[in-house]
Structures are given as C-alpha cells and as structure tokens.
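In case you want the letters, here they are:
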Amino acid sequence: MKIKRIHKKRFCDLSDSTVLTMITAAVFVILYVFAMIVFQKGFLKPQTFFNLLNANAALMILSCGMTVVMVAGGIDISVGGVSALVTMCCAVFIDHHGGSFTGAALLALGIGLAFGLVQGFLVAYLEIQPFIITLAGMFFARGMTTIVCEAPFNVQNEDFVRIRETRINVPFLGSVNKNGIFINAYIEIGVIVALLTAAALFFLLKWTRTGRAFYAVGGNRQSALMLGINVKQTVFLSHLICGLLAGIGGFVYFMHVGSGSAANAAGAEMNAIASAIIGGTNLMGGAGNIIGTLLGTLTLALMQNIVSSAGLDQAWWTGITIAVMLCIFLIVQSVLIAAVILHRNPLTYGSMPAEFLYNLTKKSVGASSAQVLCGVALHEKSPPDRVHRQIIVYRIRGQTLFMGSIIYPVFCFFLSS
Amino acid sequence: MMAQDRSKRNFLSFFSGKQFLIPLAALLALVIFNLIADPEFFRVTLGRNSAGDPVLAGNLISILDNGSELAILAIGMTLVTAASGGQDISAGAVIAICGSALLRVLCGSDLTSGQIQSPIIVAFLVCCLVGMLCGAFNGALVAFFRIQPMVATLILFTAGRSIAAWINNNELPMVADSTFASFGGYIKGVPMPTPFFIALICFAAVWALLRFTSLGLYVQSVGISEKTSRLNGLDPRIVKVGVFVIMGLCCAVAALIKVSRLKTINYSIIAKDIEMDAILAVALGGNPLSGGKFRMSSSILGAYVIQFLTTTLYKFDVQSDALSAYKAAAVIILVVLSSPVVREKLMKLLRSLSEPETAGKQV
C-alpha cells in the first residue's frame, strides 16, 4: 500500500510544468534529429540552428512576457499589435524625424510600458477580464500603426543600418563553404537581448519574492490573498512586465526586419501564446517556466522550418501546423490537469473513472480502503460534495451495473492480496 | 432571471428594460452627432440599381444591409458569452471556412466559369454543416477539455483562414449567378436588400427558440453556476457544445451573405475583425462578458449601433485599417464603464451627489 501511495505522489508531480517542458525538449531534439536525417544538407550546418534563433529572437521575448502574464493567471494578446506599433513608430522616428538609435530604443520601451501600465491598471484594479482589454489593446495598436503611417517602408538611416547588420560570430562553430573556407556561424544582436531578457526573467520567476508571488496568484487568488500577497499589485506587475517586453520584442523585431509596417509581427500574439503553452505554461495560471517557453518557441520555429523544407511552403500549411500543435498540447495539458484533479478529489466534475472505481470498491471494502485503492483523498467534510456524490452514485448504479460486476471481483482480489 | 421571464411573457416589455437603455443611448448619441454634423446622413432615396430595379438607397439602408451579418453573429456570440463566460474569437475564420466550403460545393471542379454546378440549397446545407462542425470542435474543447473559450477558439482563429485557403486550393472561385447574388443583393422587385430579410428570419428563429424552448433558461443557469445547474440535472457540457454549434450555424449564415455579396472570396480579408465587432455588440448590449444573464434583443440592437458607428466613421474618411483603433477605444470605454468596480464607485458618487446627507450616514 505504501508503494501505491508513493506512486500516486509521483503521478501528481507529473502535472508540474517541468514534465511538459521535458516533453517539449524531447520533441525538439527528436524533430531536429529527424530533420538532420531527412534534409541532411541544411540542418547539419550549425548556422541553421542559429538562424532559428536569429529569426525568432523577438518571438522569444514576447513569449517570455506572455509566460509571466500567464503564470499570474492572465493573458495578453496585444503583444503582436504593440510590436507592430513599435516598429512603425521607431521607423518613423528614425527616418522622418532624424532620431537617434538610443532615442528609438527609449521610444520602444516607452510605448511598451504605456500599454503595460494602462492594461495592467484596467485588469488589476478595475477587475476587467484581461482577454477583453488586451483584445481591445491589440486592435487599438494595429489601428494606431496605420494612423502613424500608412505605407510600409524600409529605414535608410546609416547608423541604424550599421547596428542592424552587426553580426556576432560564434566561436568554434561554423561550416566549410564551397571554396573550402571555414565560416563562423553568427547571431544577431537581438538574440543577445533575448537571451539576457530570458535570463533576467528566469531569475525573477525563480528566486525573487515577486516572482514567486506570480505563481501564488496564478495558482489560487484566494489563497494568495490570505498569504498576505498583494494580489492586485502582482497582476498589475505581470501585465506591466509583459507590456515592457512587448516593447523590447518590437524593437528586436524592428532590428531584424528593418522596416516599419502594419503587417509586422502579424499573428505574433498567437505564436507567443502557442510557444508558452507548448513550453508547459499552464493556461489557468500557476505553472510555467522560462526555459520551457524558449524551447517552445524553438520547437514552433523548427516545425515551420521543417514544413517549408518539406516543400509544403504554401502559406496555409504554417497556420495549420501551428494550430494542430497548439491543439495537441492544449489537450495534453487539459488531460494532465484533469488527472491531477482526479487524484486530489475524485468527485470533481469530469472525473468519472475515479468516481466509478471509488463507488464500486467502497461497497465491498469500506470507504477508507476504497480511497487508498483508488489513490484518492476525499474531502469528506464539504457538504456540497456529499450531495453531489449522492447524485452521481445513483447515476452510476443505473448505468454500469454490468461493468461493475466484472471489475468488482478484481478489486476484491487486489485488496486481499 | 425574473426580468427575463417577464420579458418573455410580454414581447413589448423588453423595450422597458434597463439593459436596453445602454445601446439605445449609444444610438441616440450617434444620431444626434450625425444630425449636427450633417443631416444629409439620414436621407433615403428611391434610386435604381445596376439591373434597373427600383431600390432604396441611403446610409440608413446600408446600415441595415451591412449590419445583418454582424447582427446574426451577435445572436451566437450572446449565447456563447452567456453560457461559457468567454467569447468565440474564431468567428471570422469560421466564416472564411464556411464561405470556402460553400463556393467549393457551388463551383464543383470548374472554378472559373462562374456557372453554378450544384443547387444553392445543397451548398448552403454543406456550409451549415461545416459551420456546425467548427462550432462543435470549439465546443468540445471548451466543454470536455475545459479550456478557456477564448484560448480554445484561438486554434481555429490561427488555422481557420489557412484551412479556408486549403479547401479551394488557394484559388478564388467566381460565381456569376443572379439567383445566388440575390442573397447578398436585391430580390427582383423588392426595394430592400435581402440580407436584412435574412437577418429578420434569424431574429424570428432565435426569438421562437427562446420563447418556446427552455434554451434561454438553460444557457443562463449554466453561465451563472455550472455546479448548480449540474445538481439540478442539467449537463453543462451539452449546453456549452450546443451554444457553440449555434454560433457555428450563425457563422454559416453570415458566410452565405458575405460570399453572395462579394460573389467570390478572399481568404485573408473576408469578415476580418468581425469577431471584435460581435464581442463589442454583446458588450454594448449590456450583457455581462463573464457569462450569466443575457438579453438577445439588446445585443442585436448593439450590433446595428456598431454598424452605425462604422458607417459614420467611414463617412468621415477614416481609413478602414485605422477603424479598429477607434472601435477599440469605444470598447475600452464601454468595458471600463460596465466594470463592477467602476459602476459601484459611480453609483456611490451619484448617490452622494443626489442625497448628500444619507450618503454621509452610510459612510
């Protein structure tokens, strides 16, 4: 019996986002090895991997911000729109008003911070649903982008182009080109920014009081409040950080593409949410980690890369692939959450198997033994559950008498042994 | 709930409801604004369309015409919002899928000739089926996997337009059939645009559904408390899937109108941002976005008010891309005003203004 309990505990641990992260890591490695074997040429070069980073540095930053918000139990779908607004404003600032690079960076931070402040205030202190507010924020940002400047254009400013085209060589890694010359693999500045941001957030979420408060609030608002955590402030802070990161992400995106356009970062919010979910962030809040999110972003990017390498480069395949992946990971997550609820409290709605087993075994071996057998802990003292149980027992009796007669002896055997 | 029951008994009494005042006030504000800016806005003339039939023309008619898809969507969105406490953001994408399927059946293998290859009713039924399937998919994710509605519908939002393009192999079929065109245009001899009548049929259908079945009661009880409805023998999962299927059906009808209007389809642009407008219509109708009680008539009026706003903005030469910024601002103001915290503070303020001495005692 003891062994069974330990086993149960391990299963509960599975629900933690680390397992989802590990699944993602495994998926990433398997996919990459698969790609190496199938499309040998491209994927064997280290540069291909670093290109994944180069192209997705902005998305990584956005996903990290999304992770923070989602851990705290909210969601922010304005990040793509804010990024587009940032690219457009910076482009106009540098090209039409002769602004400097530093000025543009500050402008980007300012825009992100402003969105974070307003959205955070509305969500945290006025208690409006985050989805509605950030949806409005997204449309507002996209609309504003068109108002700032209609036509997309490339930035010609020399200073900016110089900084934008700076390449940082990666030591010891590279490939030999046709002429037999060794070329180092390179990364862009944006990748450094993304990695620094991720490191800072990892530190924040893991080792600071504020970071732990995000998890507490996302996990259970009521308990967090009782623990003396300032819930409103924490929610506000999570949106502020996400807004700020949307600003930084927008600037990194701007450095990558070098143009201002309303079509920039299209669908970035969906990719960011997908990355965070694939990386093991719990939609309901309370679980998630930055490493997983980074892996999620890379997995997503790798999928797109493979899809286009396989010759399915029609635009629609990308959308469908992402959606299918998102769907699979969401369902896996939902099943895992259901499994945990089932183990904590079998009478929660939607955990029919546990109710079924519990009620069957209880009749022969008594309630306490049945609990152990089904690996469940019951909240005997809560009256609503008791009422609820009565109803469910009744329903199960009618429907599954036959099934019960088969499983019954098996459980009796288990108990006696 | 009581108020809802009473309004069901007396069809006229829903005009007296408090909730109805919000969209009505917004409509009034827009009308007054337009009256001051340009009274010509309201002129309705009897002109002739390209086929030479006498038709009514004017901004008001175009609002009734173009607002029909939105109003039909608002029906589904109201039910989804009330039952699940979340919104369906895949409406536009599902319209694209339905429209694509409709054209696929209608044109068969021959995409360019413009001749229809199969009866319109068959194509429309397939279109409805596809819409209901999409709705059932969303509903299943929400009800059985307990994913937040907005995140669950995010999947179709991401993939929908891609799927739509895939159904027709990314080609753009053209339909040049006059019968098919009449769904989005005019029926011969009728001066009002057909979409308006289709919307009216939908309103009648949903009114009958709410009046003669207990759907409204079920939806509200699930939205207010899932657990309580279950204890009363009502399966919330069935109700949730049901409302999403109705939403899919609404999308299919909207797709018919949209495609018939355009006579072709553009996968990335068709019904773009319409989900935002539909959510806005529900919010404007005074329905709580967190689920529970709802008032269908109020949402429908809200949809037309939004179309009014859109037409007004177009009239002032606002770019169609920039439109979303103004609408988003309107949404934010509305949502802030309707948030419980702000409402409570406002009520307190009003009370202290009207009766200073009682308010002082209460504090």
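Residues numbered from 1 in each chain as written. Chains lettered and ligands numbered in written order. Predicted model: local features only at pLDDT ≥ 70, side-chain atom pairs only at ≥ 80, totals over all residues. Heavy atoms only, no water.

1. Examining the environment of V92 of chain A
All names here are of chain A. Mapped onto the elements, V92 comes out in helix α5 (residues 79–96). Taking relative accessible area as the criterion, V92 reaches 11% and is therefore assigned buried. The spatial distance from the C-alpha of V92 to the C-alpha of F153 is 9.1 Å, given a sequence separation of 61 residues. Beyond its immediate chain neighbours, meaning those up to four positions away, V92 contacts H97, V148, C149 and F153. (Helix = DSSP H or I, 4+ residues; strand = E, 2+ residues; numbered from the N terminus. Buried < 20%, exposed > 50% of the residue type's maximum accessible area, 1.4 Å probe, protein only. Contact = heavy atoms within 4.5 Å.)

2. A look at the confidence of the model for chain A
Residue and element names in this part refer to chain A. Put simply, chain A has an average pLDDT of 76, and 74% of its residues get 70 or more. Here residues 345–354 scores under 50 on pLDDT; set against residues more than four positions off or in separate chains, the count is 26 contacts. Predicted confidence for residues 411–417 stays below pLDDT 50, and this span has nine contacts to residues more than four positions away or in other chains. (pLDDT = per-residue confidence, 0-100.)

3. Examining the packing of helix α4 (residues 46–71) of chain A against helix α13 (residues 268–278) of chain A
Residue and element names in this part refer to chain A. Viewed as axis vectors pointing N to C, α4 and α13 meet at an angle of 65°, and their least axial separation amounts to 8 Å. By crossing handedness, the relation of α4 to α13 is classed as right-handed. Where α4 abuts α13, its residues L59, L62, S63, M66, T67 and M70 lie against A268, E269, N271, A272, I273, S275, A276 and I277. For the contact of α4 with α13, the class distribution of residues is nine nonpolar, four polar and one charged. (Axes fitted to C-alpha atoms, helices over the stretch in contact; angles between N-to-C directions. Left-handed = near helix turned anticlockwise from the far one by under 90°. Nonpolar A, V, L, I, M, F, W, Y, C, P; charged D, E, K, R; others polar.)

4. Thoughts on the interface of chain B and chain A
Taken residue by residue, the interface counts 48 residues in chain B and 42 residues in chain A. Between chain B and chain A, the buried area comes to about 4100 Å², and carbon and sulfur atoms account for 78% of it. On the surface where chain B and chain A come into contact, there are zero salt bridges. At the junction of chain B with chain A, the criterion picks out one residue pair in polar contact (both at pLDDT 80 or more). Residue assignment for the side of chain B that touches chain A shows that the elements contributing at least two residues are α5 (120–143), α6 (149–167), α10 (226–231), α11 (236–262), α12 (274–284), α14 (323–338) and α15 (340–354) of chain B. Per element, the largest residue contribution to the side of chain B that touches chain A is 11 residues, and it comes from α6 of chain B. Here the side of chain B that touches chain A is built from residues that sort into 30 nonpolar, 11 polar and seven charged. (Buried area = accessible area lost by both parts, 1.4 Å probe. Salt bridge = Lys/Arg side-chain N within 4 Å of Asp/Glu carboxyl O. Polar contact = N/O pair within 3.5 Å; in protein donor to acceptor, adjacent residues only side chain to side chain.)

5. What to know about the side chain of T134 of chain A
Residues and elements named next belong to chain A. Mapped onto the fold, T134 is located in helix α7 (residues 130–148). The buried category is assigned to T134, whose relative accessible area is 0%. Of the polar contacts made by the side chain of T134, one reaches the backbone oxygen of P130; its length is 2.7 Å. If near-sequence neighbours (up to four positions away) are discounted, T134 is found in contact with I75, D76, I77, S78, Q119 and H239.

6. Side note on the environment of L125 of chain B
Residue and element names in this part refer to chain B. Mapping L125 onto the fold places it in helix α5. We classify L125 as exposed; its relative accessible area is 53%. When the C-alpha positions of L125 and V253 are compared, they lie 10.0 Å apart, and in sequence the two are 128 residues distant.

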